[in-house]
2 protein chains.
Amino acid sequence: MNHNSTPRPATARGQRTRQRLVEAAEAVFGRKGFERASISDITQQAGVALGTFYVYFPDKQALLVEVVDGLGARLRAELARAIAGRTDRLEVEREGFRAFFAFTARHRLLYRVVRQSEFVDEACFRRYYRSFAAPYARALAAAQRSGQVRRLDPEVLAYALMGITDFLGMRYVLWGRKRDMAAVLDAAVELVRHGMAAPAGGGRPGPAPRRARRRTA
Amino acid sequence: MNHNSTPRPATARGQRTRQRLVEAAEAVFGRKGFERASISDITQQAGVALGTFYVYFPDKQALLVEVVDGLGARLRAELARAIAGRTDRLEVEREGFRAFFAFTARHRLLYRVVRQSEFVDEACFRRYYRSFAAPYARALAAAQRSGQVRRLDPEVLAYALMGITDFLGMRYVLWGRKRDMAAVLDAAVELVRHGMAAPAGGGRPGPAPRRARRRTA
DNA sequence: CGTGGAGTTGAATTATGATTCATGTTTCAT
DNA sequence: ATGAAACATGAATCATAATTCAACTCCACG
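Residues numbered from 1 in each chain as written. Chains lettered and ligands numbered in written order. Predicted model: local features only at pLDDT ≥ 70, side-chain atom pairs only at ≥ 80, totals over all residues. Heavy atoms only, no water.

### Some points on the overall build of chain A
This is how the line gets drawn: Per the convention used, a helix needs a DSSP run of H or I reaching at least four residues, while a strand needs a run of E reaching at least two, with both numbered from the N terminus. The buried label goes to any residue with under 20% of its type's maximum accessible area, the exposed label to any with over 50%, and the partly exposed label to all in between, with areas taken from a 1.4 Å probe on protein chains only. Here, two residues are considered to be in contact whenever any of their heavy atoms come within 4.5 Å of each other. We get accessible surface area from the Shrake-Rupley algorithm with a probe of 1.4 Å; when it comes to residues, only the shown protein chains can shield them.
Across its full length, chain A carries nine helices and zero strands. In chain A, the succession of α and β elements from N to C terminus is α-α-α-α-α-α-α-α-α. Burial analysis of chain A (217 residues in total) assigns 55% to the buried set. Taking all contacts inside chain A whose residues are at least 6 apart in sequence as the whole, residues at least 24 apart take part in 67%. Of the roughly 9,600 Å² that chain A leaves accessible, carbon and sulfur atoms contribute 52%.

Structure follows, in structure tokens:
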């Protein structure tokens, strides 16, 4: 599970300093990007001396990996909390989407930091997505067995759903202020539930796209 | 449309050299990543001297922007060709997906290069996706007016569909050798068409996920 | 064939930032 | 209390690579 080489700090002080560095890195990597963020930027942000960095990490790369793994773990925990107790799979999807958008809004840097990892440590980057996809696919397979979900390859379904949330989060949480997320959420859920083929029966001018009602993510 | 400052070369020789640099950059950025690719790497790959670079580009960034814009233009052209003449919107989606996967397979660097741009010139990065989303949304809106497509916000729909293809391309074209793309394509199209809710009627054990038949993208 | 503008060259300059390390300071088990 | 281990420091070292530029080559045109 541990992907860097330096041992954990032995004292409470060490723990604290190390933690500061991780948090500083999250901010600095998010703001300036991995390559443009200097170790010195990070130590300054953390309020420690330059040399201190090398007490805890062998290099910048190890720190990025730690940050990405950490973000993944936090997001997974938040998603788990959001869907806890629900049994209706489409409700789970909705709440999962909502929680993801909320997390993204709270950690705008998430995307940038995770995406950076692709060019720094591709294994870490893939691990990040796999760590979501694997349990996601298992849950979808279970929902298929219980007859709630159409029988499509669960892994394909998982990546497709992750793609939807990733892109909608990027467009509407990161980029756009304009639109309210509730409307986006509704549209995404409807697409995921029924697909984009027009409903049978009625042909031409249907009602305008439905507007939001729920609270914002 | 032109996002760099240096003027176009005046002679055929200049055109050729410039083009070599662009092609070299595509390969080198894809292989090493933007930041780790040195100008010298690029000029070597192009078979020209270091100083020549600055005749055609003010800096590395301008070259990346050119490469990304170029990739976008080529992919758009390829997609347009793939769907030309079709009127059934869901056939268009299928052929669009297929063409995207094929392009990705042929230019494995696409993802890496485009994603790099997020940290180098965010405007370029957004422009890339918008340049697909805008016409996509317009086409979807038209298909809604003609009663082929469910009335969901067209832009949301466009980004959701792009997210699906992006993630499936990443997972199954870039990462996985295992699975054949035809099966992935079928599953994606079925999801997009009907959604993931289990079909009405039948309850529990449906048939296993359908296998592929079509040619690989 | 000679001239000028376009193109090419690569050594030299310069800036940046990663990494080391010898020297202090703090912590904590005994 | 106390000494060794852990931690913190930042100036100095070292490597890399962006950018400049003065000299050179190419070639279309007269």
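Still to come is the rest of the account.
### Things to note about the pattern of salt bridges
Put simply, the rule reads: Put simply, a salt bridge is a Lys or Arg side-chain nitrogen that is within 4 Å of an Asp or Glu carboxyl oxygen.
Under the definition given, this model contains 32 salt bridges over all chains. Here Arg36 of chain A ties to Glu35 of chain B by a salt bridge, and the two come within 3.9 Å at their closest N and O atoms. On the criterion of chain membership, the pair formed by Arg36 of chain A in the loop between helix H1 (12-32) and helix H2 (39-46) and Glu35 of chain B in the loop between helix H1 (12-32) and helix H2 (39-46) is interchain, its members lying in two chains. Judged by relative accessible area, Arg36 of chain A falls into the partly exposed class, the value being 39%. Note that Arg171 of chain A and Glu155 of chain B form a salt bridge whose closest N and O atoms lie 3.1 Å from each other. Taken as a pair, Arg171 of chain A in helix H8 (residues 154-175) and Glu155 of chain B in helix H8 (residues 154-175) lie in two separate chains rather than in one. Several salt bridges converge on common partners, so that one network encompasses Arg112 of chain A together with Glu122 and Arg126 of chain B.

### Digging into the protein's contact with DNA strand C
Counted only if it meets this: Think of it this way: one heavy atom of a residue within 4 Å of a molecule or strand is enough to make that residue near it. Any pair of nitrogen or oxygen atoms within 3.5 Å is treated as a polar contact; in protein, a donor-acceptor pairing is required on top of that, and neighbouring residues in sequence qualify only through side-chain atoms on both sides.
Contacts to DNA strand C come from 20 residues, most closely from Ile39 of chain A together with Thr17, Ala49, Gly51 and Tyr56 of chain B. Among atoms of DNA strand C positioned within 4 Å of the protein, sugar and phosphate together represent 78%. A distance of 3.1 Å separates a phosphate oxygen of DNA strand C from a polar side-chain atom of Tyr54 of chain A. Within the side chain of Tyr56 of chain B, a nitrogen or oxygen atom sits 2.6 Å from a phosphate oxygen of DNA strand C. Listed by contribution, the elements that provide at least two residues to the surface near DNA strand C are H1 and helix H3 (53-56) of chain B. When residues of the surface near DNA strand C are assigned to their parent elements, the largest contribution, three residues, is made by H1 of chain B.

### Describing the packing of aromatic side chains
Put simply, the rule reads: Whether two aromatic rings pair depends on their centres lying within 6.5 Å, for rings of Phe, Tyr and Trp, where Trp uses its six-membered ring; planes under 30 degrees apart make the pair stacked, over 60 edge-to-face, and the rest tilted. To sit over a ring, a charge needs its Lys NZ or Arg CZ within 6 Å of the ring centre and within 35 degrees of the ring normal.
A complete count under the given rule lists 24 aromatic pairs over all chains for this structure. Between Phe29 of chain A and Phe34 of chain A, the ring centres sit 5.2 Å apart and the planes meet at 45°, which makes this aromatic pair tilted. Residue classification places Phe34 of chain A among the buried positions, given a relative accessible area of 5%. Taking the centre distance of 5.2 Å and the plane angle of 75° together, the rings of Phe125 of chain A and Tyr129 of chain A count as edge-to-face. Linking Phe125 of chain A with Tyr129 of chain A, this pair stays in helix H7 (residues 122-145), spanning four residues, or about one helical turn. For the pair Phe125 of chain A and Tyr129 of chain A, one class covers both residues: buried. Clustering of aromatic rings is evident, with ring pairs tying together Phe125, Tyr128, Tyr129, Phe132 and Tyr159 of chain A together with Phe167, Tyr172 and Trp175 of chain B. The lysine or arginine in question, Arg76 of chain A, covers the ring of Phe132 of chain A, its NZ or CZ lying 5.6 Å from the ring centre.

### A word on the interface of chain A and chain B
Let me state the cut-off plainly: Two parts placed together each lose some accessible area under a 1.4 Å probe, and the buried area is that loss summed for both. In the scheme used here, Gly and all other residues not listed as nonpolar or charged are polar, with Ala, Val, Leu, Ile, Met, Phe, Trp, Tyr, Cys and Pro taken as nonpolar and Asp, Glu, Lys and Arg as charged.
Residue-level contacts link 62 residues of chain A with 63 residues of chain B. Of the roughly 6,100 Å² buried where chain A meets chain B, counting both sides, 62% is carbon and sulfur surface. Our count for the chain A to chain B interface comes out at 10 salt bridges. For the pair chain A and chain B, the number of links is 26 residue pairs in polar contact (both at pLDDT 80 or more). Within the residue set of the side of chain A that touches chain B, elements represented by two or more residues are helix H5 (89-106), helix H6 (109-117), H7, H8 and helix H9 (181-194) of chain A. Take the side of chain A that touches chain B: its biggest share by element is 17 residues, from H8 of chain A. Among the residues making up the side of chain A that touches chain B, the classes are represented as 32 nonpolar, eight polar and 22 charged.

### What about the protein's contact with DNA strand D?
Contacts to DNA strand D come from 18 residues, most closely from Ala10, Thr17, Ala49 and Tyr56 of chain A together with Ile39 of chain B. Backbone atoms, meaning sugar and phosphate, make up 76% of the atoms of DNA strand D lying within 4 Å of the protein. Thr17 of chain A has a polar side-chain atom sitting 2.4 Å from a phosphate oxygen of DNA strand D. Here Thr52 of chain A contributes a side-chain N or O atom positioned 2.9 Å from a phosphate oxygen of DNA strand D. Sorting elements by how many residues they give to the surface near DNA strand D places H1 of chain A first, with three residues. For the surface near DNA strand D, the residue count by class is nine nonpolar, six polar and three charged.

### Remarks on the relation of the copies chain A and chain B
Here is the rule: Superposing copies: least-squares fit, C-alpha atoms only, residues required to have pLDDT of at least 70 in both.
Mapping chain A onto chain B calls for a rotation angle of 180° and an axial translation of 0.0 Å; the resulting RMSD is 0.1 Å. Taken together, these values place the two copies in the relation of a two-fold axis. Interface overlap between copies is the fraction of interface residues in one copy that are interface residues in the other; for chain A against chain B it reaches 100%, indicating a shared surface.

### Observations regarding the environment of Leu174 of chain B
Mapped onto the elements of the fold, Leu174 of chain B is located in helix H8. A C-alpha to C-alpha distance of 9.6 Å links Leu174 of chain B and Phe101 of chain B, two positions 73 residues apart in sequence. Setting aside residues up to four positions removed in sequence, Leu174 of chain B forms contacts with Arg126 of chain A together with Thr104, Arg108, Tyr111 and Gly169 of chain B.

### Some points on helix H5 (residues 89-106) of chain B
Filter applied, for reference: Residue count minus one, scaled by 1.5 Å, sets the expected span of a helix.
If you check H5 of chain B, its first and last C-alpha atoms are 25 Å apart, about what 18 residues at 1.5 Å a residue would give, namely 26 Å. Judged by how many residues are buried, H5 of chain B sits mostly within the fold: 14 of 18 residues are covered.

### Focus on the packing of H5 of chain B against helix H7 (residues 122-145) of chain B
Angle between the axes and distance between the axes are the two parameters that describe a pair of packed helices. Residue and element names in this part refer to chain B. The test is simple: Helix axes use the C-alpha atoms of the stretch in contact, all axes being lines fitted to C-alpha atoms, and the angles between their N-to-C directions lie in the range 0 to 180 degrees. Small angles under 35 degrees read as roughly parallel and large ones over 145 as roughly antiparallel, with 65 to 115 read as roughly perpendicular and the rest as oblique.
Following both chains from N to C, one finds H5 and H7 inclined at 155°, their axes separated by 11 Å at the closest point. On the basis of the axis angle, H5 is roughly antiparallel to H7. Facing Arg89, Glu93 and Phe97 of H5, the residues of H7 in contact are Tyr136, Ala139, Leu140 and Ala143. Classifying every residue of the contact of H5 with H7 gives five nonpolar, no polar and two charged.

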